[in-house]
Amino acid sequence: MRRVLILGGTAEARALAAELAVRGVHVVSSLAGRVSNPRLPVGEVREGGFGGPDGLAAWLAAERIDAVVDATHPFAARMTASAAQASARTGVPLLVLRRPGWREGPGDAWQRVASLHEAAAWLPSPARVFLTTGRRSLPVFTGLPGVWLLARSVDPPEPPVPDNVHVLLDRGPYTVEGERAIIREHRLDVLVTKDSGGRMTTAKLVAARELGLPVIMVNRPPLPTGVRLVETIEEAAAWAQG
């Protein structure tokens, strides 16, 4: 039976695991373990890191993996780089599955930036900021003069949390009505987010457009040279099935 490793944690990874299981492929899904109570995919699940490219290469050989699909978050650049290096060393083919990114439309006021630090530099002062870039990014935005943050994340950030930060613990999917209510309740001036793509988190962008909020959009990191990219479950499943 063909053995495929899915580097997962996303909705796309879970959907791909389910599709490959139907096609008779033995799937091992790897989860980084950074989120408590993750939604588990169909099939075998492995939690925790591999120990960098060398550890992943050794694991691929030991487990006789036939192919790897990187379906991690679009901003999991370190994992993608490790997968590319391990693939090159072992000869195990690698495919990257990424949901399409977001595109600015009529009525949007976006400023695209290359990094979280650049996003922080673009913030006006004073400002009340809706920060949806994840708990690990919080230190980049704390300590900015005149900036108050509403930071939304699935899990709590590491303490101590500064006084000018209000943490909103929540997990999508979100609604436009709910996002509008949050923006109005906290009198927010600007939305900072990452170009994660997908439908589950577009509600905040629609609400920002409707309420006239500017958006600072952090672009995705580039993929390693030579890595093949697809954007649909069907393409990834056909490739992985061999």
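Residues numbered from 1 in each chain as written. Predicted model: local features only at pLDDT ≥ 70, side-chain atom pairs only at ≥ 80, totals over all residues. Heavy atoms only, no water.

Trainee: For the overall build of the protein chain, give the residues involved together with the corresponding values.
Mentor: From N to C terminus, the protein chain includes eight helices and 12 strands. The C-alpha radius of gyration computed for the protein chain amounts to 19 Å, which stays within 12% of the reference 18 Å derived for 242 residues, consistent with globular compactness. Taking all contacts inside the protein chain whose residues are at least 6 apart in sequence as the whole, residues at least 24 apart take part in 64%. In the structure as shown, the protein chain presents an accessible area of about 12,000 Å², 53% of it carried by carbon and sulfur atoms. (Helix = DSSP H or I, 4+ residues; strand = E, 2+ residues; numbered from the N terminus. Rg over C-alpha atoms; globule rule 2.2 N^0.38 Å. Contact = heavy atoms within 4.5 Å. Areas by Shrake-Rupley, 256 points an atom, 1.4 Å probe, with all protein chains shown as cover.)

Trainee: Any chance you could break down the pairing of strand β4 (residues 67–70) for me, citing the residues and the numbers?
Mentor: Side chains Ala67 and Val69 project from β4 onto one buried face, and the interleaved Val68 and Asp70 project onto a second face that is buried too. Across four bridges, the pairing between strand β1 (residues 3–7) and β4 is parallel. If you follow Ile6 over to β4, its bridge partner there is Val69. Both β4 and strand β5 (residues 94–97) contribute to a ladder of three bridges, which runs parallel. Bridging from a neighbouring strand, Val69 pairs with Leu95 of β5. Read as a crossover between parallel neighbours, the route from β4 over helix α3 (residues 77–90) to β5 is right-handed. (Buried < 20%, exposed > 50% of the residue type's maximum accessible area, 1.4 Å probe, protein only. Pairing = 2+ DSSP bridges. Right-handed = clockwise from strand over helix to strand, strands pointing away.)

Trainee: Tell me about the side chain of Thr72, residues and numbers included.
Mentor: In this fold, Thr72 is placed in the loop between β4 and α3. Apart from the residues within four sequence positions on either side, Thr72 is in contact with Leu7, Gly8, Thr10, Met79, Thr80 and Arg98.

Trainee: Before we move on, could you go through the sheet that holds β5 and cite the residues and values that matter?
Mentor: The strand order β3-β2-β1-β4-β5-β12 describes an open sheet built from six strands, whose pairing is parallel. A single partner strand is all that each edge strand has here, and the edge strands are β3 (44–47) and β12 (228–230). Mean inter-strand twist for the sheet, computed between neighbouring axes without regard to direction, equals 25°. Contacts between helix α2 (residues 52–62) and the sheet are confined to β1, β2 (26–31), β3 and β4, with β1 contributing the most and set at about 155° to the helix. Where α3 meets the sheet, it contacts β1, β4 and β5, and its direction lies at approximately 160° from that of β5. (Axes fitted to C-alpha atoms, helices over the stretch in contact; angles between N-to-C directions.)

Trainee: Could you give an account of the domain arrangement of the protein chain, with specific residues and numbers?
Mentor: Domain boundaries assigned for the protein chain yield domain 1 (3–100 + 221–241) and domain 2 (110–218). Using only C-alpha atoms to locate each centre, domain 1 and domain 2 end up separated by 29 Å. (Domains from an automatic or database assignment.)

Trainee: A description of the pattern of salt bridges should follow, citing residues and the corresponding values.
Mentor: Evaluation of the coordinates by the stated rule reveals nine salt bridges. Here Arg99 makes a salt bridge to Glu12, at a shortest N to O gap of 3.0 Å. Linking Arg99 in the loop between β5 and β6 (110–113) with Glu12 in helix α1 (residues 11–22), this pair joins segments that are 87 residues apart in sequence. Across the pair, Glu12 and Arg99 agree in class, each one buried. As a salt-bridge pair, Arg152 and Glu179 come within 2.8 Å of each other at their nearest N and O atoms. Of this pair, Arg152 sits in strand β8 (residues 147–153) while Glu179 sits in helix α6 (residues 176–185), and the two are 27 residues apart along the sequence. For Arg152, a relative accessible area of 6% corresponds to the buried category. (Salt bridge = Lys/Arg side-chain N within 4 Å of Asp/Glu carboxyl O.)

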